[in-house]
Protein chains: 2
Amino acid sequence: MTSAALHPANTRTRILDVGERLFVKHGYDGTSLRMITGEAQVNLAAVNYHFGGKEALMEAVLKRRLDWLNEQRMRVLDELEAAGDGLPPRPHKIVEAFFGTLIGMGCNKDLGGQIFLKLIGRSFTSPNGFIRALLAEEYREVVERYKQAFINALPDVPRQEVAWRFQFMLGATAYALAGSDFLQVSVQFDSDELPEEQTRRLWSRLYSFLVGGMRAPIPDEDLLPPQAFALASTASADDDSPPPGGGFPP
Amino acid sequence: MTSAALHPANTRTRILDVGERLFVKHGYDGTSLRMITGEAQVNLAAVNYHFGGKEALMEAVLKRRLDWLNEQRMRVLDELEAAGDGLPPRPHKIVEAFFGTLIGMGCNKDLGGQIFLKLIGRSFTSPNGFIRALLAEEYREVVERYKQAFINALPDVPRQEVAWRFQFMLGATAYALAGSDFLQVSVQFDSDELPEEQTRRLWSRLYSFLVGGMRAPIPDEDLLPPQAFALASTASADDDSPPPGGGFPP
DNA sequence: CACGTTTTAAAATGAACGTTTGAATCATAC
DNA sequence: GTATGATTCAAACGTTCATTTTAAAACGTG
């Protein structure tokens, strides 16, 4: 008799919750089914029974949140366009609709909270192809619609440019969410601050940064990169000499 | 006799080159020493002999590029400050110095090219603690100096704000470099374009986005996030009902 | 040529991995 | 009470992993 009574939910949900947390902490490859089932206090075979395998579990973990998120995003954009009397929504409102909806999930434990924000932030650059493929498929419809909304809202900006800036915004957001140690070095957290309060501060700052980037002047096509581009002479990156004595080899 | 004559360099460098490429393709956890030594056509034990182990190999792969990159960054900022007659460099020149130096490496095969850009882009959010710790240590000095340069260049922007925007810029850059499939869906590449040309176009677009974000108005502290924040009623993310018939369980 | 460094080869270690299996257990309806 | 289907369980499967240990072979250099 394992003490399942201590836990809030059934086996399936417990696996999803623990899996979500451990996939964030150690990555997909770095998380074993034994770690998950051990912490969730369920049997090892339960994952295969309920989901069919490790990949299918990851898929279920992601879809549980993404389905809700993308429905919400569609609904918010619906309302935005309905309120405009035929006029396209302003760019900053579209930014708010797409990214604000995501960040908002960080304040709601029932929606995964900050754990899910980290998971989604890291999944975009996962080395596992099936994760990126799943995300691309889950996001395709929503991204297509929002991209069109941006294009309509910014008639003077070339379509290509809009697509790139969407990409940059996604990156700045995903990266801020992924929350590396790096951030904690470079940015001083008020350590006794609630996560929800942290998330709100993050949002106000991210929001103005994204809108600022989205409204930037169209880049000069002929802009030349700095001197570092295409320099070949000063580079001696390969070190063919043997390692210094005392280190390896022994 | 394995055909070592086909390869351009010695064992050490061949391991570093193949390791760099495979760590990008499959991630650190997803790359085995057998994959590396097999593709590099060196003995399995060579990694342990030359580097001491898998982690030490990853460390060597990263340091080979980062040492050069950070020296270059220091040098460029030196020149920028020397040319200013006591005046602090303009913000957009600092952006160019920090991120342009990085992007420029993508055009130089001897410096790792786009492979290294992807590696560094993904390493920041790696689930492996020692990788993030290594990056934090390698970047500490340079980031501290550039952050101070930004603060001097933007006397009206609070220090905290500068740190956050630095973080956002890093994210947008790292994410653009990590180059998920997502980007290739959302952005149409001219497929017969040279990687160097791609990198130059990326830079001009990224540059204007970053500068635009850096110059955005200071965010309103009391900005309230959209309706998605702290909503709890409509959420029913947990599905405790058994899976539908036909799927799992069998 | 001789010597120390580097590379190769093959084998073995112990641990951890995802997955499978068949029996035991539980809840529920007859 | 017992039959039934869903769930949980302990145990084992075969594979792969990083690492270590042998030893001999190839190499560059004084």
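Residues numbered from 1 in each chain as written. Chains lettered and ligands numbered in written order. Predicted model: local features only at pLDDT ≥ 70, side-chain atom pairs only at ≥ 80, totals over all residues. Heavy atoms only, no water.

1. Digging into empty space enclosed by the protein
This structure, assessed with the given rule, holds 8 cavities of 30 Å³ or more. The wall of the largest cavity is formed by 31 residues, among which Thr125, Ser126 and Pro127 of chain A together with Ser126 and Pro127 of chain B lie closest to the centre. Residues that form the lining of the largest cavity fall into these classes: 14 nonpolar, 13 polar and 4 charged. (1 Å grid on protein atoms, 1.4 Å probe; cavity = no way out; pocket = protein on both sides within 12 Å on 5 of 7 lines; lining within 4 Å. Points joined across faces, edges and corners; volume = space filled by probe spheres on them. Nonpolar A, V, L, I, M, F, W, Y, C, P; charged D, E, K, R; others polar.)

2. Quick word on the protein's contact with DNA strand D
Taken together, 16 residues are adjacent to DNA strand D, and Thr11, Tyr49 and His50 of chain A together with Ser32 and Arg34 of chain B come closest. The sugar and phosphate moieties of DNA strand D supply 55% of its atoms located within 4 Å of the protein. In the environment of DNA strand D, a phosphate oxygen lies 3.0 Å from a nitrogen or oxygen atom belonging to the side chain of Tyr49 of chain A. Taking Ser32 of chain B, its side chain carries an N or O atom lying 3.4 Å from a phosphate oxygen of DNA strand D. Contributing elements (two or more residues each) for the surface near DNA strand D: α3 (46-50) of chain A together with α2 (33-40) of chain B. For the surface near DNA strand D, a count of residues per class yields 5 nonpolar, 8 polar and 3 charged. (Near = heavy atom within 4 Å. Polar contact = N/O pair within 3.5 Å; in protein donor to acceptor, adjacent residues only side chain to side chain. Helix = DSSP H or I, 4+ residues; strand = E, 2+ residues; numbered from the N terminus.)

3. Brief notes about the packing of helix α5 (residues 91-105) of chain A against helix α7 (residues 129-153) of chain A
Residue and element names in this part refer to chain A. Put simply, α5 and α7 touch, their axes get as near as 9 Å, and they point 165° apart. Relative to α7, the element α5 lies roughly antiparallel. Between α5 and α7 lies a crossing whose hand is left-handed. Along the contact surface, α5 presents Pro91, Ile94, Val95, Ala97 and Phe98, while α7 presents Tyr139, Val142, Val143, Tyr146, Ala149, Phe150 and Ala153. Its residues assigned to classes, the contact of α5 with α7 comprises 12 nonpolar, no polar and no charged. (Axes fitted to C-alpha atoms, helices over the stretch in contact; angles between N-to-C directions. Parallel < 35°, antiparallel > 145°, perpendicular 65-115°, else oblique. Left-handed = near helix turned anticlockwise from the far one by under 90°. Contact = heavy atoms within 4.5 Å.)

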